[in-house]
Amino acid sequence: MPVTASTAAARRQRRKEAGVPSPWSMFLQGFFKHPVMVGSIVPSSGKLIRKMLKPVDWANTRLFVEYGPGVGTFCREVLDRLPADGKYIAIDTNPDFIRYLRHEIADPRFFAVHGSAADVEQIVRDHGFEKADYVLSGLPFSTLPAGVGDAIGQATANVLRPGGAFLVYQFSPKCRDFIAPYLGRVDHDMEWWNVPPAQLYWGWKD
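Cut-offs used in this document
Residues numbered from 1 in each chain as written. Predicted model: local features only at pLDDT ≥ 70, side-chain atom pairs only at ≥ 80, totals over all residues. Heavy atoms only, no water. Salt bridge = Lys/Arg side-chain N within 4 Å of Asp/Glu carboxyl O. Helix = DSSP H or I, 4+ residues; strand = E, 2+ residues; numbered from the N terminus. Contact = heavy atoms within 4.5 Å. pLDDT = per-residue confidence, 0-100. Phe/Tyr/Trp six-rings, centres within 6.5 Å; stacked < 30°, edge-to-face > 60°. Buried < 20%, exposed > 50% of the residue type's maximum accessible area, 1.4 Å probe, protein only. Polar contact = N/O pair within 3.5 Å; in protein donor to acceptor, adjacent residues only side chain to side chain. Pairing = 2+ DSSP bridges. Axes fitted to C-alpha atoms, helices over the stretch in contact; angles between N-to-C directions.

Attention now goes to the pattern of salt bridges. Considering all chains together, one arrives at ten salt bridges under this definition. Arg76 is the salt-bridge partner of Glu104, the closest N and O atoms lying 4.0 Å from each other. With Glu104 in helix H5 (residues 95-104) and Arg76 in helix H4 (residues 75-81), this pair connects stretches of sequence that are 28 residues apart. Connected via shared salt-bridge partners are Lys51, Asp189 and Glu191.

This is the structure we're talking about:
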């Protein structure tokens, strides 16, 4: 459902009462505390979000996974499209973001998990699934510690169902090196109406 002015005001009031920072404050805090794990100092644009999610077959999506959800820039857009019987698992290594998301998003389909994307297979099993339909990532692959990007690429390929896809938005084309070796076909586009302009990749599982 669209966010109305009254809904937004209610969220701000709940945040204030609970002592929870605003999304912008959380995003900036996360960037300065963990710059290697946060891809940008500016949240993704609406145009990027819509383009990134456009290829998703929502009617046949039962499990959607996201790595590095941050303050939930994609979360409500995904939940607005996800079927009533679908699940959405958001995985982040930053406990501040996980606490924020658990406070902000009261949807029974949504699960914010403190953990590593490299452990996605176990996390998916822990939530009653063997495979995911789609995995979304904004993690900055080019700045991750050595070996971590490849571990995430392999684990993601393992957890996706045939016909599923790894959706990746980045600011460096180097991230393709962590997608192409593990998935059969990789589509690419750019979103220029973003700060900075973003590389978009869709890696499809054969």
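Attention now moves to the environment of Met190. By the element assignment, Met190 lies in strand E6 (residues 185-191). Along the chain, Met190 and Lys51 lie 139 residues apart, while their C-alpha atoms are 9.3 Å from each other. Excluding residues that lie within four positions of it along the chain, Met190 makes contacts with Lys51, Pro197, Ala198 and Gln199.

Another point: the confidence of the model for the protein chain. The predicted model of the protein chain has a mean per-residue pLDDT of 85, with 79% of residues at 70 or higher. Of the regions scoring below 50 in pLDDT, residues 34-42 engages in 30 contacts with residues more than four places distant in sequence or in other chains.

Here we come to the packing of aromatic side chains. As enumerated under the stated definition, the model contains seven aromatic pairs in all. Judged by centre distance (5.6 Å) and plane angle (20°), the rings of Trp58 and Phe64 are stacked. Look at Phe64 and you get buried, because its relative accessible area is 0%. Centre to centre, the rings of Phe141 and Phe166 are 6.3 Å apart; their planes meet at 80°, and the pair counts as edge-to-face.

Further remarks concern H5. Residues Asp96, Phe97, Ile98, Tyr100, Leu101 and Glu104 constitute the buried set of H5. At the N-terminal end of H5, a side-chain oxygen is found 2.8 Å from the backbone nitrogen of Asp96, two or three residues along, and the residue is Asn94.

On to the sheet that holds strand E3 (residues 110-114). Each strand in a sheet pairs with another by means of backbone hydrogen bonds, the pair being arranged parallel or else antiparallel. Within the open sheet, the seven strands sit side by side as E3-E2-E1-E4-E5-E7-E6. Their pairing is mixed. Strands at the two margins of the open sheet, each flanked by one partner only, are E3 and E6. Sheet twist, expressed as the average angle between the axes of neighbouring strands with direction ignored, equals 15°. Judged from the five bridges that link them, strand E2 (residues 87-92) and E3 form a sheet pairing that is parallel.

If you trace the backbone, Thr61 turns up in the loop between helix H3 (46-53) and strand E1 (63-67). Not counting residues within four places of it along the chain, the set of residues in contact with Thr61 comprises Val56, Leu82, Pro83, Gly86, Asp133 and Tyr134.

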